[in-house]
Amino acid sequence: MGELEQRATAGSRLGVQENAGISTLEHGQKLPTTPTGKLISIKVQMLDDAQEAFEVPQRAPGKVLLDAVCTHLNLVEGDYFGLEYLDHKKIMVWLDLLKPIVKQIRRPKHVILKFVVKFFPPDHAQLQEELTRYLFALQVKQDLAQGRLTCNDTSAALLISHIVQSEIGDFDETIDREHLAKNKYIPQQEALEDKIMEFHRNHIGQTPAESDFQLLEIARRLEMYGIRLHPAKDREGTKINLAVAHTGILVFQGHTKINAFNWSKVRKLSFKRKRFLIKLRPDANSSFQDTLEFLMASRDFCKAFWKICVEHHAFFRLFEEPKPKPKPVLFTRGSSFRFSGRTQKQVLDYVKEGGHKKVQFERKHSKIHSIRSLTTKPSEQHSEVPKQSCSFTYRDGADSPAVQSCRQGKELKVSVEDGGHHTSPSLKKSPEKEGRRLDGAVMEAMEEEEEVTKDRSQHSRSQTQQPSTAGSLTGSPHLSELSINSQGGPTMTNATLSPNLSPDNRQASPLVSPLMNDQTGVRTDDEEEVRRKRFPTDKAYFIAKEVSTTERTYLKDLEVITSWFQSAVSKEDCMPEALKNLIFSNFEPLHKFHTNFLKEIEQRLALWEGRSNAHLKGDYQRIGDVMLKNIQNMKQLTVHLRKHTEVLVELENGIKNSRKLETLCRDFELQKVCYLPLNTFLLRPLHRLMHYKQIMERLCKHYPPNHVDFRDSRAALAEISEAVAQLHSSMLKMENFQKLHELKKDLIGIDNLVIPGREFIRLGSLSKLSGKGLQPRMFFLFNDVLLYTSRGLTASNQFKVHGQLPLYGMMIEESEEEWGVPHCFTLRGQHQSIVVAASSLTEMDKWTEDIQMAIDLAENCNGPTPEFLGGSPPDTKSPEESTVDQESEDDLNASRTSLERQAPHRGNTTVHVCWHRNTSVSMVDFSIAVENQLSGNLLRKFKNSNGWQKLWVVFTNFCMFFYKSHQDNHPLASLPLLGYSLTIPSESENIHKDYVFKLHFKSHVYYFRAESEYTFERWMEVIRSATSPASRVHVLSHEESHAY
């Protein structure tokens, strides 16, 4: 292997060691035996247009050449790439990795192969290596220049601005004009130069790695991202184009997608001469024929496209590389072609598990002197993806092993039952959201079923892990969607786009869970029901069992602070000793006490169930005595519980005064174990007292006065009620304090949100009327001010404040007739007025009621005057005059004034859920959510699946978190329930099981099955609290106002 020209390559740009080659093979595997003999020289054109010459044996298969290229680049994730060339019939084809090169290329010396991206993943954050993302960025740059990646002018200018930032650094008008004059990134670039420079001006301080990441973030939302069109005709002779993506087969007319066939709907792909055939699964609701036929230019064109489809299906959908078919004895029928190489699942696992040698590098050829680097030290996380928020996160071991087969040959059979209710990749606008703009996989990631999630499943890794911050991966902002934490496995977010959507529109929703779409996990059957019948049926037993299940979760929550957070703090010298002692000296006694408490409860349940000492069972069918004993002993911990207010306040002050501590806490929140905001865990001990009180109330209500356990239960209730009463006032203050700090992390443009006397009332999505129609905005109502914000295309997924309306002197007017907009009302302040519309009459009533109550409170107590630092100037235009142009550009290019604003931010918060589901929640809803928490085993079933899967489920914070078992340290996935409907299945749904409830949101349908009537009613009760938020808001009087 030698170099043709001494030019900077992709690897040398990053300063990689030239000889530290890394194979794309699995760890422990060896290269296939390479034929010896004469060497031939083959030229390969890289993505940066440099040409390299590689010498390989004459009879070597294509994989040898691809591995040589990847080794030359030190490219770990080489499986996303391929080599293409023009064959002797002038058809662009991919080099077959299994066939000898000389059998594919007639004159190798005279052919230049191109090293390009072959498989475009749904989310670029799945690419763990910075070098890989750089090569993808070069591919986007190439596609733009060749006119393959089409988009509107705004999107094109924004894309080019990130390329320019990566190449020449921060904005300088003279240098920018010279650079744009010498480099043509897109046809007719001259008309866009001013807009490019305007966007480039906003990228100051952005490193090349960040620029690559932002470039891919924008590009992946474009409809033509990663699309290669293959001309064809339908049965009527209409000219169309076919393409294949990670979701399935797409149909275009020109550059507009007109149809899509998801892999879950495709039963078989085949070709016959120049006819390409798609056989669909039977669907009573579909108007398509069973088999679709497309005519291509020739058999060779047809076969080339069929091969690409086979490879895309295998790479994105299969668990592992398909095994070769046995060779027939006499004759063959059909093609022997099969996908060769690692599947995406195998690539992700390989990189995630650290199965490669980490190559340290610096960007030697970059002109940028950035303030920070995204490269990680050897001891840090394996992932180099710039951290962002995450709503649904694809976790380690999300599923159980499943067998998947794929017959390769002239026909492709997709025989695995796909999860969930899959819909077409073509996105449809919801009628109730007229005027709300969607963007690509953005809103629809939550509204339409995840299409990338799996035909494959993964092994569960439920072993207890030691507290560590170094072993987790930084993931994508888009998959806690499977929500939750951005460290952990990569996300599997759908990147399908609607026609004509651009990055002007809304950001990707992170709210789709791979686990929630997986149907290949372990199933349970009627044996589970038989097993359950052996246990007691007394309601008191199930109340006692609820104590046990919720105590397990509470203990895990305490361990987040006592083990995981303490471990993280001990590794970084950034927290004052006084603060360390304050936090951990108050939590460790609690953890020790509740560990023993849980053991006592489980021992009692074991006796109750007859699992041990069965002859004594009659004396142990009660729980009141255990509760009374431990609640009385809990009084010794009151001194620690009273200090939780001080703990929360001092930690927030420490974060405010120390950038290092702020970074530590922010990074810790991105770990898998921290499935809720960190300060929420600090309030858990206070919340747990309320849970004990509710449980004892249910137990006392169940027992008759003469029951043997009634006396102890009533005494325990009296004890815990007294403790709750003593701490209730401080708990209310701390919940408001905690909520204000949590909202502060979601907002850009306001620096002093948390001030004494300010109370949070409601947040949610409303549409603001402007000169260009209804624009979606996020509103935040406090007792003194109303903020409205928009979510821009920023790395942190935060909301930028656009306006603030003081409540003093404000008036509300209904204005549906005036503006002709349903559920519309006008807010008239002393200096500005705005017109907003709610998504429904119910939402409108909630907002008007709460705003009016807040106005009355502001006028009665002359609340604090909002003096926001960095706030946007008030919008004094009337609705007729105002436009959204400036706001939209601000959204896309929010100026980053500090590292804090560039910081990664979780995207599964309640704010983001309300934004995507077009709803709202109040402080009363949050308080009710604190009271309605539940844990336990549930059986889950999909609409179109046959079996039930057993999961450990934790319900808290309007969200269901899913685990394989209660021993797991972190959730596998989550499902935010705001906007969902809770019902009981009808006869027509053929469930035929007891204690089943149904959750559905648009096309999503999930069935859950409880073990008893009591647990069924409890799950219905707590979930209803999240799916039916409170309509009225109780605001504390001035005398009760929170002060801290």
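Just above, that's the structure.
Conventions adopted
The numbering scheme is per chain: residues are counted from 1 as the chain's sequence reads. Predicted model: local features are reported for residues with pLDDT of at least 70 only, side-chain atom pairs are reported and counted for 80 or more only, and whole-chain, interface and lining totals are derived from all residues. Working from all heavy atoms in the structure, the side-chain values ignore hydrogens and water. The way it works is that DSSP assigns letters per residue, a run of H or I at least four long becomes a helix, a run of E at least two long becomes a strand, and they are numbered from the N terminus. For each residue, the accessible area found with a 1.4 Å probe, counting protein chains only, is set against the maximum for its type, and the residue is called buried under 20%, exposed over 50%, and partly exposed in between. Throughout, the Shrake-Rupley method with a 1.4 Å probe supplies accessible areas, and for residues the shown protein chains are the sole cover considered. For this analysis, residues touch if any pair of their heavy atoms sits within 4.5 Å. Buried residues of nine kinds, namely Ala, Val, Leu, Ile, Met, Phe, Trp, Tyr and Cys, make up a nonpolar core once their side-chain atoms join them within 4.5 Å. Whether two strands pair comes down to DSSP finding at least two bridges between them.

S.K.: Describe the overall build of the protein chain, listing the residues and the values that go with them.
M.R.: Scanning the protein chain from N- to C-terminus turns up 29 helices and 31 strands. Every one of the 1044 residues in the protein chain was classed for burial, and the buried ones make up 62%. As presented, the protein chain carries roughly 41,200 Å² of accessible surface, and 49% of it is formed by carbon and sulfur atoms.

S.K.: Mind laying out the environment of leucine 807, listing which residues take part and the relevant values?
M.R.: Within the secondary structure, leucine 807 is located in the loop between β20 (799–806) and β21 (811–814). By relative accessible area, leucine 807 is classed as buried at 0%. Separated by 47 residues in the primary sequence, leucine 807 and alanine 854 place their C-alpha atoms 7.2 Å from one another. Once residues within four sequence positions are removed from consideration, leucine 807 is found in contact with Leu781, Phe782, Asn783, Asp784, Val785, Leu786, Ala854, Ile855 and Ala858.

S.K.: Any details on the nonpolar core? Residues and values, ideally.
M.R.: Within soluble globular proteins, side chains that are nonpolar tend to cluster in buried spots. Ranked by internal contacts, the top residues of the largest apolar core, which has 107 residues, are Leu65, Leu113, Phe115, Leu135, Phe276 and Ile278. The dominant element in this core, judged by the number of residues it contributes, is helix α9 (residues 299–317), at 10 residues. Residues within four places of leucine 65 in sequence aside, it is in contact with Ile42, Val44, Phe54, Val56, Leu83, Leu95, Ile101 and Leu113. Counting 78 residues, the second-largest nonpolar core is a separate cluster that includes Phe668, Leu682, Tyr692 and Val930.

S.K.: So what about unusual backbone geometry? Which residues, and what values?
M.R.: Among all residues except glycine, the phi angle is most often negative; among peptide bonds, the trans geometry is most common. Here glutamine 188, not a glycine, exhibits a phi torsion of approximately 55°, which is positive. Relative to the helices and strands, glutamine 188 resides in the loop between α6 (173–182) and α7 (193–200). Not every positive phi belongs to a glycine, and phenylalanine 958 is a case in point at roughly 65°. Take phenylalanine 958: it is sitting in the loop between β26 (949–956) and β27 (959–963).

S.K.: Run through the pairing of strand β11 (residues 266–272), naming residues and quoting values.
M.R.: Burial of β11 is extensive: 5 of the 7 residues sit out of reach of the surface. Strand direction decides the pairing type here: β11 and strand β12 (residues 275–280), joined by 6 bridges, are antiparallel. Residue lysine 268 lies in a different strand from β12, and its bridge partner there is lysine 279. Between the antiparallel neighbours β11 and β12 lie 2 residues, among them arginine 273 with a positive phi of about 55°.

S.K.: Tell me what's going on with the pairing of strand β8 (residues 239–244), and back it up with residues and numbers.
M.R.: In terms of residue burial, β8 counts as a mostly covered element, since 5 of its 6 residues are buried. Bridge count for strand β7 (residues 230–233) against β8 is 4 bridges, and the pairing is antiparallel. Bridging across to β8, lysine 233 finds its partner in lysine 239. Between β8 and strand β9 (residues 248–253), which pair antiparallel in sequence order, lie 3 residues.

These figures come from the coordinates and say nothing about function on their own.
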